[in-house]
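Reading the structure
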Amino acid sequence: MTSGTPTNPNPARAEAVLSRLQLLVTRKLDGLLQGDYLGLLPGPGTEAGESREYRPGDDVRRMDWPVTARTTVPHVRRTVADRELESWMAVDLSASLDFGTGRWLKRELVVAAAAAIAHLTVRGGNRIGAVIGTGPGGATGSGLTTGGSGILRLPARPGRKEAQGLLRTIAGLELRPGRTDLGALVDALNRPPRRRGMAVVISDFLAPPEQWGRPVRKLGVRHEVLAIEVVDPRELELPDVGVLAVVDPESGELHEVQTADPRLRRRYAAAAAAQRAAIAHELRAAGAAHLRLRTDSDWLLDMVRFVAAQRHARTRGTTR
(Lines give C-alpha, C1' and ligand atoms only; values in the text may rest on other atoms or scores of the structure.)
Protein backbone atom coordinates (compact mmCIF):
# COMPACT_ATOMS: atom_id res chain seq x y z
CA MET A 1 0.00 0.00 0.00
CA THR A 2 1.22 3.49 -0.80
CA SER A 3 -0.23 6.91 -1.42
CA GLY A 4 1.72 7.29 -4.65
CA THR A 5 3.49 5.33 -7.36
CA PRO A 6 7.01 3.90 -7.42
CA THR A 7 9.62 6.52 -8.18
CA ASN A 8 13.17 6.29 -9.37
CA PRO A 9 15.71 7.54 -6.82
CA ASN A 10 17.15 10.98 -7.34
CA PRO A 11 20.93 10.36 -7.66
CA ALA A 12 21.80 13.33 -5.45
CA ARG A 13 19.29 12.26 -2.79
CA ALA A 14 20.46 8.65 -2.95
CA GLU A 15 24.08 9.75 -2.46
CA ALA A 16 23.11 12.08 0.40
CA VAL A 17 21.10 9.34 2.14
CA LEU A 18 23.95 6.87 1.72
CA SER A 19 26.50 9.33 3.12
CA ARG A 20 24.25 9.99 6.12
CA LEU A 21 23.76 6.27 6.70
CA GLN A 22 27.46 5.49 6.53
CA LEU A 23 28.19 8.26 9.02
CA LEU A 24 25.55 6.91 11.40
CA VAL A 25 26.83 3.36 11.07
CA THR A 26 30.50 4.23 11.44
CA ARG A 27 30.10 6.50 14.46
CA LYS A 28 27.23 4.96 16.39
CA LEU A 29 27.40 1.27 15.59
CA ASP A 30 31.08 1.04 16.48
CA GLY A 31 30.55 2.89 19.74
CA LEU A 32 27.46 1.00 20.83
CA LEU A 33 28.96 -2.39 20.03
CA GLN A 34 32.33 -1.42 21.52
CA GLY A 35 34.20 -3.00 18.66
CA ASP A 36 32.58 -6.45 19.02
CA TYR A 37 31.00 -7.70 15.82
CA LEU A 38 31.14 -11.41 16.64
CA GLY A 39 27.60 -11.49 17.99
CA LEU A 40 26.31 -11.17 14.44
CA LEU A 41 28.89 -12.80 12.20
CA PRO A 42 29.90 -16.49 12.38
CA GLY A 43 32.24 -17.49 15.19
CA PRO A 44 35.96 -18.26 15.25
CA GLY A 45 36.14 -20.40 12.13
CA THR A 46 34.28 -23.63 11.44
CA GLU A 47 35.56 -24.65 8.02
CA ALA A 48 38.15 -27.43 8.33
CA GLY A 49 41.61 -26.50 7.12
CA GLU A 50 45.10 -28.01 7.33
CA SER A 51 46.57 -29.53 10.49
CA ARG A 52 49.49 -28.10 12.45
CA GLU A 53 51.41 -29.12 15.54
CA TYR A 54 49.73 -28.60 18.88
CA ARG A 55 50.79 -25.53 20.86
CA PRO A 56 50.01 -24.85 24.55
CA GLY A 57 46.66 -23.10 24.79
CA ASP A 58 45.13 -24.74 21.70
CA ASP A 59 41.60 -26.06 22.04
CA VAL A 60 41.91 -29.83 22.65
CA ARG A 61 38.53 -30.31 20.96
CA ARG A 62 40.31 -29.55 17.69
CA MET A 63 42.86 -32.33 18.05
CA ASP A 64 43.47 -34.08 14.75
CA TRP A 65 43.76 -37.64 16.05
CA PRO A 66 44.48 -39.38 12.72
CA VAL A 67 47.43 -37.06 12.00
CA THR A 68 48.58 -37.30 15.61
CA ALA A 69 48.59 -41.09 15.42
CA ARG A 70 50.38 -41.11 12.08
CA THR A 71 53.12 -38.67 13.10
CA THR A 72 53.23 -39.48 16.86
CA VAL A 73 53.26 -35.69 17.37
CA PRO A 74 50.10 -33.93 18.67
CA HIS A 75 48.34 -31.98 15.91
CA VAL A 76 45.26 -29.77 15.86
CA ARG A 77 42.96 -28.97 12.96
CA ARG A 78 43.19 -25.43 11.71
CA THR A 79 39.97 -23.71 10.79
CA VAL A 80 39.21 -20.93 8.36
CA ALA A 81 39.36 -17.65 10.26
CA ASP A 82 36.54 -15.13 10.35
CA ARG A 83 38.49 -12.78 8.13
CA GLU A 84 38.41 -15.41 5.37
CA LEU A 85 34.67 -15.93 5.43
CA GLU A 86 32.21 -14.57 2.90
CA SER A 87 29.02 -12.72 3.73
CA TRP A 88 26.29 -12.41 1.11
CA MET A 89 23.15 -10.30 1.06
CA ALA A 90 19.95 -10.92 -0.86
CA VAL A 91 18.47 -7.43 -1.20
CA ASP A 92 14.83 -7.14 -2.24
CA LEU A 93 14.06 -3.83 -3.96
CA SER A 94 10.55 -4.61 -5.19
CA ALA A 95 8.19 -1.71 -5.84
CA SER A 96 6.52 -2.25 -2.45
CA LEU A 97 9.75 -1.08 -0.80
CA ASP A 98 9.35 2.39 -2.37
CA PHE A 99 7.00 3.48 0.41
CA GLY A 100 7.20 4.97 3.88
CA THR A 101 5.24 7.07 6.34
CA GLY A 102 7.86 7.22 9.12
CA ARG A 103 11.28 8.81 9.26
CA TRP A 104 12.52 6.62 6.43
CA LEU A 105 11.22 5.07 3.25
CA LYS A 106 11.30 1.29 3.36
CA ARG A 107 13.78 1.41 0.49
CA GLU A 108 16.09 3.66 2.54
CA LEU A 109 15.80 1.28 5.47
CA VAL A 110 16.87 -1.58 3.19
CA VAL A 111 19.96 0.43 2.24
CA ALA A 112 20.54 1.23 5.92
CA ALA A 113 20.45 -2.43 6.90
CA ALA A 114 22.78 -3.31 4.02
CA ALA A 115 25.17 -0.54 5.11
CA ALA A 116 25.30 -1.90 8.67
CA ILE A 117 25.89 -5.47 7.49
CA ALA A 118 28.59 -4.34 5.07
CA HIS A 119 30.31 -2.29 7.76
CA LEU A 120 30.35 -5.18 10.24
CA THR A 121 31.58 -7.55 7.55
CA VAL A 122 34.48 -5.57 6.07
CA ARG A 123 35.63 -4.43 9.50
CA GLY A 124 36.25 -8.09 10.29
CA GLY A 125 38.23 -8.57 7.08
CA ASN A 126 35.52 -10.65 5.38
CA ARG A 127 34.33 -10.39 1.80
CA ILE A 128 30.86 -9.01 1.12
CA GLY A 129 28.74 -9.65 -1.97
CA ALA A 130 25.09 -9.26 -2.90
CA VAL A 131 22.30 -10.38 -5.16
CA ILE A 132 19.72 -7.64 -5.72
CA GLY A 133 16.13 -8.15 -6.86
CA THR A 134 14.34 -5.25 -8.55
CA GLY A 135 11.15 -6.80 -9.88
CA PRO A 136 10.37 -8.86 -12.98
CA GLY A 137 11.02 -5.98 -15.36
CA GLY A 138 14.57 -5.44 -14.17
CA ALA A 139 16.13 -2.10 -13.38
CA THR A 140 18.93 0.20 -14.40
CA GLY A 141 21.22 2.53 -12.52
CA SER A 142 24.87 3.06 -11.56
CA GLY A 143 25.80 1.97 -15.08
CA LEU A 144 24.29 -1.51 -14.52
CA THR A 145 21.29 -3.39 -15.88
CA THR A 146 19.69 -6.36 -14.13
CA GLY A 147 18.08 -7.84 -17.23
CA GLY A 148 14.73 -9.59 -17.54
CA SER A 149 15.21 -11.75 -14.45
CA GLY A 150 15.38 -8.64 -12.29
CA ILE A 151 18.32 -10.08 -10.32
CA LEU A 152 21.73 -8.41 -10.25
CA ARG A 153 24.76 -10.22 -8.77
CA LEU A 154 27.67 -8.27 -7.30
CA PRO A 155 30.71 -10.49 -6.53
CA ALA A 156 32.04 -10.78 -2.99
CA ARG A 157 35.10 -8.62 -2.41
CA PRO A 158 37.01 -7.44 0.67
CA GLY A 159 37.68 -3.86 1.65
CA ARG A 160 35.81 -0.73 2.63
CA LYS A 161 36.05 0.83 -0.82
CA GLU A 162 34.45 -2.21 -2.45
CA ALA A 163 31.69 -2.25 0.18
CA GLN A 164 30.94 1.41 -0.48
CA GLY A 165 30.68 0.68 -4.19
CA LEU A 166 28.26 -2.15 -3.50
CA LEU A 167 26.08 0.12 -1.34
CA ARG A 168 26.19 2.87 -3.94
CA THR A 169 24.89 0.40 -6.51
CA ILE A 170 22.04 -0.68 -4.24
CA ALA A 171 21.07 2.91 -3.45
CA GLY A 172 21.26 4.05 -7.08
CA LEU A 173 19.21 1.36 -8.82
CA GLU A 174 16.09 2.65 -10.58
CA LEU A 175 13.11 0.42 -9.85
CA ARG A 176 10.18 -0.61 -12.00
CA PRO A 177 6.68 -1.78 -11.01
CA GLY A 178 6.33 -5.41 -10.03
CA ARG A 179 7.50 -7.80 -7.33
CA THR A 180 10.77 -9.67 -7.22
CA ASP A 181 10.47 -13.45 -7.03
CA LEU A 182 11.87 -13.62 -3.49
CA GLY A 183 12.32 -17.38 -3.68
CA ALA A 184 14.46 -17.04 -6.83
CA LEU A 185 16.41 -14.20 -5.21
CA VAL A 186 17.24 -16.31 -2.14
CA ASP A 187 18.05 -19.28 -4.36
CA ALA A 188 20.64 -17.11 -6.09
CA LEU A 189 22.62 -17.28 -2.82
CA ASN A 190 22.60 -21.08 -3.03
CA ARG A 191 24.28 -21.11 -6.44
CA PRO A 192 27.12 -21.76 -6.78
CA PRO A 193 27.63 -23.66 -3.49
CA ARG A 194 29.99 -21.83 -1.14
CA ARG A 195 31.76 -22.76 2.05
CA ARG A 196 30.01 -21.87 5.25
CA GLY A 197 29.48 -18.17 5.89
CA MET A 198 26.73 -15.69 6.58
CA ALA A 199 23.69 -15.00 4.39
CA VAL A 200 21.45 -11.99 4.98
CA VAL A 201 18.03 -11.61 3.36
CA ILE A 202 16.64 -8.04 3.44
CA SER A 203 13.01 -7.67 2.35
CA ASP A 204 9.52 -6.76 3.48
CA PHE A 205 8.67 -10.45 2.92
CA LEU A 206 5.25 -9.54 1.49
CA ALA A 207 5.53 -12.34 -1.07
CA PRO A 208 3.66 -15.51 0.01
CA PRO A 209 5.79 -17.55 2.48
CA GLU A 210 5.35 -20.67 0.36
CA GLN A 211 7.33 -18.86 -2.36
CA TRP A 212 10.45 -18.17 -0.30
CA GLY A 213 10.28 -20.48 2.75
CA ARG A 214 11.92 -23.52 1.16
CA PRO A 215 14.84 -21.55 -0.38
CA VAL A 216 15.53 -19.95 3.02
CA ARG A 217 15.52 -23.39 4.68
CA LYS A 218 17.91 -24.67 2.03
CA LEU A 219 20.16 -21.66 2.60
CA GLY A 220 20.23 -22.38 6.33
CA VAL A 221 21.60 -25.90 5.84
CA ARG A 222 25.06 -24.52 5.10
CA HIS A 223 25.03 -20.88 6.21
CA GLU A 224 24.05 -18.76 9.16
CA VAL A 225 20.97 -16.91 7.94
CA LEU A 226 19.77 -13.51 9.12
CA ALA A 227 16.40 -12.28 7.84
CA ILE A 228 15.88 -8.52 8.12
CA GLU A 229 12.19 -7.66 7.73
CA VAL A 230 11.42 -4.03 6.83
CA VAL A 231 8.02 -2.75 7.97
CA ASP A 232 6.09 0.53 7.82
CA PRO A 233 3.49 1.27 10.55
CA ARG A 234 0.74 1.83 7.95
CA GLU A 235 1.20 -1.79 6.91
CA LEU A 236 0.22 -2.84 10.42
CA GLU A 237 -2.75 -0.58 11.07
CA LEU A 238 -4.78 2.11 9.28
CA PRO A 239 -5.17 5.63 10.69
CA ASP A 240 -8.63 7.18 11.02
CA VAL A 241 -8.34 9.83 8.29
CA GLY A 242 -11.57 9.38 6.34
CA VAL A 243 -11.39 8.33 2.69
CA LEU A 244 -7.84 7.37 1.82
CA ALA A 245 -6.71 6.91 -1.79
CA VAL A 246 -4.02 4.25 -2.07
CA VAL A 247 -2.11 2.84 -5.03
CA ASP A 248 -0.79 -0.71 -5.28
CA PRO A 249 2.86 -0.03 -6.20
CA GLU A 250 3.17 -3.38 -7.97
CA SER A 251 0.06 -3.25 -10.16
CA GLY A 252 -0.67 0.49 -10.28
CA GLU A 253 -4.30 -0.09 -9.25
CA LEU A 254 -6.00 2.75 -7.35
CA HIS A 255 -8.27 2.01 -4.38
CA GLU A 256 -10.27 4.26 -2.08
CA VAL A 257 -10.54 3.10 1.51
CA GLN A 258 -12.96 4.49 4.13
CA THR A 259 -10.70 4.48 7.16
CA ALA A 260 -13.37 6.03 9.41
CA ASP A 261 -14.98 2.59 9.68
CA PRO A 262 -13.63 1.05 12.94
CA ARG A 263 -14.58 -2.46 11.82
CA LEU A 264 -12.51 -2.07 8.69
CA ARG A 265 -9.53 -0.86 10.71
CA ARG A 266 -9.86 -3.82 13.09
CA ARG A 267 -10.07 -6.32 10.22
CA TYR A 268 -7.08 -4.70 8.54
CA ALA A 269 -5.01 -4.83 11.75
CA ALA A 270 -5.98 -8.46 12.37
CA ALA A 271 -5.07 -9.46 8.81
CA ALA A 272 -1.77 -7.59 9.04
CA ALA A 273 -0.93 -9.25 12.37
CA ALA A 274 -1.71 -12.68 10.90
CA GLN A 275 0.48 -11.94 7.90
CA ARG A 276 3.43 -10.91 10.07
CA ALA A 277 2.95 -13.95 12.32
CA ALA A 278 3.07 -16.20 9.25
CA ILE A 279 6.30 -14.54 8.14
CA ALA A 280 7.86 -14.98 11.59
CA HIS A 281 6.73 -18.62 11.74
CA GLU A 282 8.25 -19.41 8.34
CA LEU A 283 11.56 -17.79 9.29
CA ARG A 284 11.69 -19.71 12.60
CA ALA A 285 10.96 -22.93 10.75
CA ALA A 286 13.88 -22.16 8.44
CA GLY A 287 16.18 -21.64 11.43
CA ALA A 288 16.89 -18.04 10.48
CA ALA A 289 17.62 -15.26 12.94
CA HIS A 290 14.89 -12.65 12.52
CA LEU A 291 15.28 -8.89 12.90
CA ARG A 292 12.36 -6.55 12.24
CA LEU A 293 13.13 -2.91 11.44
CA ARG A 294 10.43 -0.22 11.29
CA THR A 295 10.51 3.02 9.35
CA ASP A 296 9.24 4.96 12.39
CA SER A 297 11.74 3.67 14.95
CA ASP A 298 15.46 3.96 15.68
CA TRP A 299 16.62 1.20 13.34
CA LEU A 300 20.23 1.51 14.47
CA LEU A 301 19.33 0.98 18.13
CA ASP A 302 17.10 -1.96 17.15
CA MET A 303 20.02 -3.50 15.28
CA VAL A 304 22.41 -2.97 18.20
CA ARG A 305 19.95 -4.63 20.59
CA PHE A 306 19.61 -7.53 18.18
CA VAL A 307 23.39 -7.98 17.89
CA ALA A 308 23.72 -7.81 21.68
CA ALA A 309 21.00 -10.46 22.07
CA GLN A 310 22.72 -12.70 19.51
CA ARG A 311 26.03 -12.28 21.30
CA HIS A 312 24.42 -13.15 24.64
CA ALA A 313 22.77 -16.21 23.12
CA ARG A 314 26.14 -17.41 21.81
CA THR A 315 27.73 -17.15 25.25
CA ARG A 316 24.90 -19.32 26.60
CA GLY A 317 25.32 -21.83 23.81
CA THR A 318 22.08 -21.01 22.02
CA THR A 319 21.30 -18.90 18.98
CA ARG A 320 18.22 -17.65 17.15
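Residues numbered from 1 in each chain as written. Predicted model: local features only at pLDDT ≥ 70, side-chain atom pairs only at ≥ 80, totals over all residues. Heavy atoms only, no water.

A word on the overall build of the protein. A count of helical and extended segments in the protein gives 8 helices and 12 strands. Classification of the 320 residues of the protein by burial places 47% in the buried group. Counting only contacts in the protein whose residues sit at least 6 apart along the sequence, the fraction spanning at least 24 positions is 77%. (Helix = DSSP H or I, 4+ residues; strand = E, 2+ residues; numbered from the N terminus. Buried < 20%, exposed > 50% of the residue type's maximum accessible area, 1.4 Å probe, protein only. Contact = heavy atoms within 4.5 Å.)

For the rest of this paragraph, the subject is the side chain of D92. Relative to the elements of secondary structure, D92 occurs in strand 3 (residues 86–92). A distance of 2.7 Å separates the side chain of D92 from the side chain of S203, its partner in a polar contact. (Polar contact = N/O pair within 3.5 Å; in protein donor to acceptor, adjacent residues only side chain to side chain.)

Turning our eyes to something else, we now look at the sheet that holds strand 7 (residues 151–157). Reading across from one edge, 7-4-3-8-9-12 is the order of the 6 strands in this open sheet, with mixed pairing throughout. In this open sheet, the two strands that pair with only one neighbour each are strand 7 and strand 12 (289–294). The average angle at which neighbouring strand axes cross in this sheet is 15°, direction not considered. Inspection of the sheet shows strand 8 (residues 198–203) paired to strand 9 (residues 224–231) by 6 bridges, in the parallel sense. Within strand 9, the residue paired with V200 across the bridge is L226. Each of strand 3, strand 4 (127–133), strand 8, strand 9 and strand 12 touches helix 3 (residues 106–123); the most contacted strand, strand 9, lies at about 150° to it. Contacting strand 3, strand 4 and strand 7, helix 4 (residues 160–172) runs over the sheet at an angle of about 10° to strand 4. (Pairing = 2+ DSSP bridges. Axes fitted to C-alpha atoms, helices over the stretch in contact; angles between N-to-C directions.)

Moving on to the pairing of strand 8. Here strand 8 lies mainly inside the structure; 6 of its 6 residues are buried. The side-chain alternation of strand 8 yields two buried faces, one formed by M198, V200 and I202 and the other by A199, V201 and S203. In terms of strand pairing, strand 3 meets strand 8 through 5 bridges, oriented parallel. If you follow V91 over to strand 8, its bridge partner there is I202. Read as a crossover between parallel neighbours, the route from strand 8 over helix 6 (residues 209–222) to strand 9 is right-handed. (Right-handed = clockwise from strand over helix to strand, strands pointing away.)

Now for the nonpolar core. Counting 46 residues, the largest nonpolar core has M89, I132, I170, I202, L226, I228 and W299 as its most contacted members. Among the elements that make up this core, the one with the highest residue count is helix 3 (11 residues). Of all hydrophobic cores here, the second largest spans 22 residues; its members include A90, V131, F205 and L283. (Core = buried A, V, L, I, M, F, W, Y, C linked by side-chain atoms within 4.5 Å.)

Turning our attention to the pairing of strand 9. The buried count for strand 9 comes to 8 of 8 residues, which makes it a mostly enclosed element. Across 6 bridges, strand 9 lies against strand 12 in parallel orientation. Across the sheet, the residue bridging to V231 is R294, located in strand 12.

A few words on empty space enclosed by the protein. This structure, assessed with the given rule, holds 2 cavities of 30 Å³ or more. The calculated volume of the second largest cavity comes to roughly 70 Å³. Forming the boundary of the second largest cavity are E86, W88, L189, R194, R195, G197, M198, A199, L219 and H223. Looking at the lining of the second largest cavity, the elements with two or more residues in it are strand 3 and strand 8. When the residues that make up the lining of the second largest cavity are grouped by side-chain class, the tally is 5 nonpolar, 2 polar and 3 charged. (1 Å grid on protein atoms, 1.4 Å probe; cavity = no way out; pocket = protein on both sides within 12 Å on 5 of 7 lines; lining within 4 Å. Points joined across faces, edges and corners; volume = space filled by probe spheres on them. Nonpolar A, V, L, I, M, F, W, Y, C, P; charged D, E, K, R; others polar.)

Running from amino to carboxyl end, helix 6 crosses helix 7 (residues 262–285) at an angle of 20°, the nearest separation of the two axes being 9 Å. Considered as vectors, helix 6 and helix 7 are oriented roughly parallel to each other. The chirality of how helix 6 crosses helix 7 is right-handed. Along the contact surface, helix 6 presents P209, W212, G213 and R217, while helix 7 presents I279, E282, L283 and A285. Its residues assigned to classes, the contact of helix 6 with helix 7 shows 5 nonpolar, 1 polar and 2 charged. (Parallel < 35°, antiparallel > 145°, perpendicular 65-115°, else oblique. Left-handed = near helix turned anticlockwise from the far one by under 90°.)

With that settled, consider the environment of L283. Summarising the element assignment, L283 is placed in helix 7. Not counting the four nearest positions on each side in its chain, L283 is found in contact with F205, W212, A227, A288 and H290.

Next up on the list: the packing of aromatic side chains. In total, this model carries 2 aromatic pairs according to the counting rule given. Ring geometry for F205 versus W212: centroids 5.0 Å apart, planes at 65°, classification edge-to-face. For F205, a relative accessible area of 1% puts it in the buried group. Of the residues examined, W212 reaches a relative accessible area of 0% and is grouped as buried. (Phe/Tyr/Trp six-rings, centres within 6.5 Å; stacked < 30°, edge-to-face > 60°.)

Let us look at a positive patch on the surface. Taken together, the side chains of R153, R191, R214 and K218 present a region of like positive charge at the surface. Looking at where K218 falls in the secondary structure, it is placed in helix 6. (Patch = residues over 30% accessible without salt bridge, like charges linked within 9 Å, V, L, I, M, F, W, Y side chains within 5 Å. Areas by Shrake-Rupley, 256 points an atom, 1.4 Å probe, with all protein chains shown as cover. Salt bridge = Lys/Arg side-chain N within 4 Å of Asp/Glu carboxyl O. Lys, Arg positive; Asp, Glu negative; His and termini not counted. Charge placed at Lys NZ, Arg CZ, Asp CG, Glu CD.)

This paragraph deals with helix 4. The end-to-end C-alpha distance of helix 4 is 18 Å, a good match for the 18 Å that 13 residues give at a rise of 1.5 Å each. Turning to helix 4, its buried residues number three or more, namely A163, L166, L167, T169, I170 and A171. (Expected span 1.5 Å × (residues − 1).)

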